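Commentary on secondary and tertiary structure
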Amino acid sequence: MTDLNRREFIHRSVKAGLVSAGALGAGWWLHDTRPPALEPLPQSLPGIPDFSGALVEGPAMAIAKGTDRMDMADRALEALGGIRRFVSPGHRVVIKVNAAFASPPAICATSHPDLVTAVVTACRAAGASDVVVTDNPINDPASCFRLTGIGPAAEAAGGRVVLPTADQFSRVTLSGARLIRDWPVLIGPLADADCLIGLAPLKDHHRSGASMTIKNWYGLLGGRRNVFHQDIHTIITELAALVRPTLVILDAVTAMIHNGPTGGSISDLTRTNTLVAGVDQLAVDAMGAELLGRDLSQLPHLRQSADAGLGVLDYHTLNPVAVP
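An unreviewed UniProt entry lists the chain under the name Tat pathway signal sequence domain-containing protein, from Desulfotignum phosphitoxidans DSM 13687.

Dropping the structure here:
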């Protein structure tokens, strides 16, 4: 099966699955007013659409320095060839943020609202017809999006916040995976999307060693996903295989170097004044590891992802553009 046929097959499978899930959900709502529970599909989907697609040739990675996230994001995108390299007029864009906790932006445990503003604005300026901002937070979703400032920032910039509901999850079995098997994944917002952009803060993580762009996809998982904590590096590697984004941006302007992923104190933070954008999420995370002061031996999922052919570990070989 060619890449194009595979992508089309997955798109159709996802849509067909969502139609079934929607029908089940509609019937459920007619008979019960309690919060919805996950409705298993008759058959797991084989994955989610591949958004890495065929991009116009250009730099794979850009590293911007500074303190103003909005300005840094604009300069990094320009260095990669401009937002129109990734988003065309009429495109439907999904931005996966990290809204895991109901904490203020100053704690740096979640995507910063200034970065959300910059990316949503850029997508709208490129002519995107719809810009969805979503996540499946650990805490109450509405509270997380409000208190982090992500929700207000997204809506003010022309985006649309989509909170996770039961009918937006479908069960997925990733070929060759050991953990992502018949597992609920938040793919409803992705079903009709043309682009997927990940926005992740750079953080310490007491289980995985670091939380960066690949770990950010953990927020697409539903169910009792904490069962994966005992095999955290395997699940992150499988997420690298499951999610092939159009673009990722790692926010290391202020990095959480201790007590991640929640932090809670300014003393947990340090300024690195760096923002990394790229089309290879493994390469972006490899640089993030350096910024965080982590050796590769402390982050086995990076090596495992590289061994699986899911990206470039030696990001220097991509000749990243330095944006002063």
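Attention now goes to the overall build of the chain. Helices and strands together make up the secondary structure of the chain, namely eight helices and 11 strands. Classification of the 324 residues of the chain by burial places 56% in the buried group. In the form shown here, the chain has an accessible surface area of approximately 13,300 Å², with 54% of it arising from carbon and sulfur atoms.

Turning our eyes to something else, we now look at the layout of surface pockets. Here the largest pocket is characterised by a volume of approximately 340 Å³. A100, F101, I138, K215 and Y218 are, among the 23 residues lining the largest pocket, the residues nearest its centre. Grouping the amino acids of the lining of the largest pocket by side-chain chemistry returns seven nonpolar, 10 polar and six charged.

All right, on to the packing of aromatic side chains then. The relative placement of two aromatic rings is captured by the distance of their centres and the angle of their planes. Enumeration according to the criterion identifies one aromatic pair in this entry. Taken together, a centroid distance of 4.7 Å and an interplanar angle of 55° make the contact between W183 and F228 tilted. Of the two residues, W183 is situated in strand β6 (residues 183-186) and F228 in the loop between β8 (209-211) and α6 (232-242); the sequence distance between them amounts to 45 residues. Across this residue pair, the class does not change: W183 and F228 are buried. Between the NZ or CZ atom of K215 and the centre of the ring of Y218, over which it lies, the distance is 4.4 Å.

Mapped onto the elements, K96 comes out in strand β2 (residues 92-96). Here K96 falls in the buried class, since its relative accessible area comes to 1%. Considered as a pair, K96 and I197 are 101 residues apart in the sequence and their alpha carbons are 6.2 Å apart. If near-sequence neighbours (up to four positions away) are discounted, K96 is found in contact with T134, D135, L196, I197, G198, L199, N216, W217, G219 and L220. Reaching out from K96, the side chain makes a polar contact with the backbone oxygen of N216 at a distance of 2.8 Å.

A separate point is the nonpolar core. Ranked by size, the top nonpolar core spans 55 residues in total, and within it I180, M212, W217, L221, I235, L239 and L242 carry the most contacts. Going through the elements one at a time, β1 (61-65), β5 (169-172), β6, β7 (195-205), α6, β9 (247-256) and α7 (281-292) are the ones with two or more residues in this core. Tallying contributions element by element places α7 first for this core, with seven residues. When sequence neighbours within four positions are dropped, the list of residues in contact with I180 reads V172, T173, L174, I235, E238, L239 and L242. Within the second largest apolar cluster, 38 residues are counted, among which are I83, V93, V120 and A157.

With that out of the way, let us pick up helix α3 (residues 113-125). When the terminal C-alpha atoms of α3 are compared, their 18 Å separation across 13 residues agrees well with the 18 Å that a helix rising 1.5 Å per residue should span. Inspection of α3 places P113, L115, V116, T117, A118, V119, V120, A122 and C123 among the buried residues, and these make up the whole buried set. Among the residues trailing α3, G127 stands out with phi positive, at a value near 100°.

Here we take up the packing of α7 against helix α8 (residues 300-307). Taken N-terminus to C-terminus, the directions of α7 and α8 make an angle of 155°; their axes are 11 Å apart at the nearest point. Here α7 lies roughly antiparallel to α8, going by the angle between them. Of the two elements, α7 crosses α8, and the hand of that crossing is left-handed. Facing L282, D285, A286 and A289 of α7, the residues of α8 in contact are L302, S305 and A306. Broken down by class, the residue content of the contact of α7 with α8 amounts to five nonpolar, one polar and one charged.

Analysis parameters
- Residues numbered from 1 in each chain as written.
- Predicted model: local features only at pLDDT ≥ 70, side-chain atom pairs only at ≥ 80, totals over all residues.
- Heavy atoms only, no water.
- Helix = DSSP H or I, 4+ residues; strand = E, 2+ residues; numbered from the N terminus.
- Buried < 20%, exposed > 50% of the residue type's maximum accessible area, 1.4 Å probe, protein only.
- Areas by Shrake-Rupley, 256 points an atom, 1.4 Å probe, with all protein chains shown as cover.
- 1 Å grid on protein atoms, 1.4 Å probe; cavity = no way out; pocket = protein on both sides within 12 Å on 5 of 7 lines; lining within 4 Å.
- Points joined across faces, edges and corners; volume = space filled by probe spheres on them.
- Nonpolar A, V, L, I, M, F, W, Y, C, P; charged D, E, K, R; others polar.
- Phe/Tyr/Trp six-rings, centres within 6.5 Å; stacked < 30°, edge-to-face > 60°.
- Lys NZ or Arg CZ within 6 Å of the ring centre and 35° of its normal.
- Contact = heavy atoms within 4.5 Å.
- Polar contact = N/O pair within 3.5 Å; in protein donor to acceptor, adjacent residues only side chain to side chain.
- Core = buried A, V, L, I, M, F, W, Y, C linked by side-chain atoms within 4.5 Å.
- Expected span 1.5 Å × (residues − 1).
- Axes fitted to C-alpha atoms, helices over the stretch in contact; angles between N-to-C directions.
- Parallel < 35°, antiparallel > 145°, perpendicular 65-115°, else oblique.
- Left-handed = near helix turned anticlockwise from the far one by under 90°.

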